[in-house]
Amino acid sequence: MIYDNILEAMGGTPLIRLNHMPEPESAQVLVKFEGLNVGGSIKTRTAYNMIKDAEEKGLIGEDTIIVEPTSGNQGIGLALVGAVRGYQTKIIMPDSVSEERRKLVEHYGAEVILIHDDGNIGACIEECLQTALSMAKQDSRVFVPQQFENPANPAVHRSQTGIEILEQVNGPIHGFCSGIGTGGTITGVGETIREKNPDMEIWAVEPEHAAILSGGSIGTHLQMGIGDGLIPEILNQQIYNEVCIITDEEALSTSKRLAAEEGIMCGISSGTNVAAALKLAKKLGKGKTVVTILPDTAERYFSTPLFE
Ligand code: PMP
């Protein structure tokens, strides 16, 4: 089979059973490894869908400049989509994101605009957004997909990611958990799989120092891609039963264990998700099934504490 372009090869990522990490009396834990997706993360799905949606609605054309504020993977995804579809792309990101993310965006031929993060990631993300919006005001060619409020973001997780999980498990799912960046994943996947498993338990997962759904305050943390310090517009706050807080140490050590014990090279927020999934699996017990997402690959974290 020949794909017309790299975007056509997207999705269909594997669902993998963890064999060594769950405790003996726990539910089985299945992980959907988006690090193997086109572009190395789950965010190529949302990038492609937001651009396709804008093309279909006639919102963008040949001379469009895509500008997006993002803490990383969405920028890499949009830069990739921009390269394939021929759009000039500019990504605005906090200077605290890993150097690898910045370089990957540039490698896809997009421009990076850095905004200084002085330790308040929420304020920095807001400044990234305001910069993008003022660029759009000044230049009518600028299109800002706005992943935090674009319905095409959760939509692709309903129609693709969630459906893939249902087909791959091909049986009851008792638990699902996911960290929240834009909330697209937990909203879209959660809605699709809960429809078939109405009694299942869904946990939202937050970094300890950005536990905003739990009423906590925002500080710096290492779980890049989640815990941006705001409650996103597209997040369905009714979809989760509980909020689980994960420390940076838990996220890092769990991600390292995934590589060393299961042979799965994934990012830090994958460690966050699996740390929570192991707790949920312990709670639900033997014979049950827990699913979570590994949003990206470890290879964009060489310069971070994940590799210390
Ligand atoms: N992990 C990583 C590494 C990410 O880049 C993102 C996207 N920001 C997420 C998790 C969270 O995904 P979502 O935006 O769908 O909530």
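Per-chain numbering applies: the sequence of each chain, read as written, is numbered from 1 onward. It should be noted that, the model being predicted, local features are given only for residues of pLDDT at least 70 and side-chain atom pairs only at 80 or more, the latter also being counted only at that level, while totals for whole chains, interfaces and linings use all residues.

Some details on the site of the ligand
Every one of the 19 residues lining the ligand counts as a neighbour, but Asn73, Gly181, Thr185, Gly225 and Ser269 are closest to it. If you list the elements that add at least two residues to the shell around the ligand, you get helix H2 (73-85) and helix H6 (184-196). Residue polarity is assigned by list, with Asp, Glu, Lys and Arg as charged and Ala, Val, Leu, Ile, Met, Phe, Trp, Tyr, Cys and Pro as nonpolar; anything else, Gly included, falls into the polar class. Across the shell around the ligand, the residue classes tally to 4 nonpolar, 13 polar and 2 charged. Nearness between a residue and a molecule or strand is assessed with a C-beta atom placed from the backbone; a distance within 6 Å qualifies. Only runs of H or I of at least four residues qualify as helices and only runs of E of at least two qualify as strands under DSSP, and these elements are numbered from the N terminus.

Digging into helix H7 (residues 248-262)
By this rule the span expected of a helix is its residue count minus one, scaled by 1.5 Å. For H7, which comprises 15 residues, the first-to-last C-alpha distance of 20 Å matches the rise-based estimate of 21 Å (1.5 Å per residue) to within 8%. By definition, residue pairs are in contact when their C-beta atoms, positioned from the backbone, come within 7 Å. Check the buried side of H7 and you find it contacts strand S9 (242-246) and helix H8 (268-284). At the exit of H7 stands glycine 263, carrying a positive phi of roughly 75°.

What about the sheet that holds strand S5 (residues 111-115)?
Taken in spatial order, the 4 strands line up as S5-S4-S3-S6 in an open sheet, and their pairing is parallel. Across the chains shown, the open sheet's two edge strands, defined by having one partner strand only, are S5 and strand S6 (142-143). Note that strand S4 (residues 88-94) and S5 share 5 bridges and pair parallel. Bridging across to S5, lysine 90 finds its partner in glutamate 111. Interaxial angles span 0 to 180 degrees and are taken between N-to-C directions of axes, which are lines fitted to C-alpha atoms, for helices over the stretch in contact. Along the sheet, H2 makes contact with strand S3 (65-69) and S4, crossing S4 at roughly 175°. Here, a strand pair is defined by DSSP locating no fewer than two bridges between the strands.

Some remarks on the pairing of strand S8 (residues 201-207)
Here S8 lies mainly inside the structure; 6 of its 7 residues are buried. As paired strands, strand S7 (residues 175-179) and S8 are joined by 5 bridges and run parallel to one another. In the sheet register, glycine 175 faces S8, and the bridge partner there is glutamate 201. Taken together, S7, H6 and S8 form a β-α-β motif whose crossover is right-handed. Working definition of burial: number of other C-beta atoms within 10 Å of the residue's own, with buried at 20 or more, exposed at 12 or fewer, and partly exposed in between, all C-beta atoms being placed from the backbone. Here a crossover is taken to be right-handed if, once the strands point away from the viewer, the path from the first strand over the helix to the second is traced clockwise.

Details of unusual backbone geometry
Residues other than glycine seldom take positive phi values, yet glutamine 146 does so here, at roughly 55°. Following the sequence through the fold, glutamine 146 ends up in the loop between S6 and helix H5 (152-169). Overall, the presence of 18 C-beta atoms within 10 Å leaves glutamine 146 in the partly exposed class. Although it is not a glycine, asparagine 170 adopts a positive phi angle of roughly 50°. Note on asparagine 170: 6 C-beta atoms within 10 Å, which makes it exposed.

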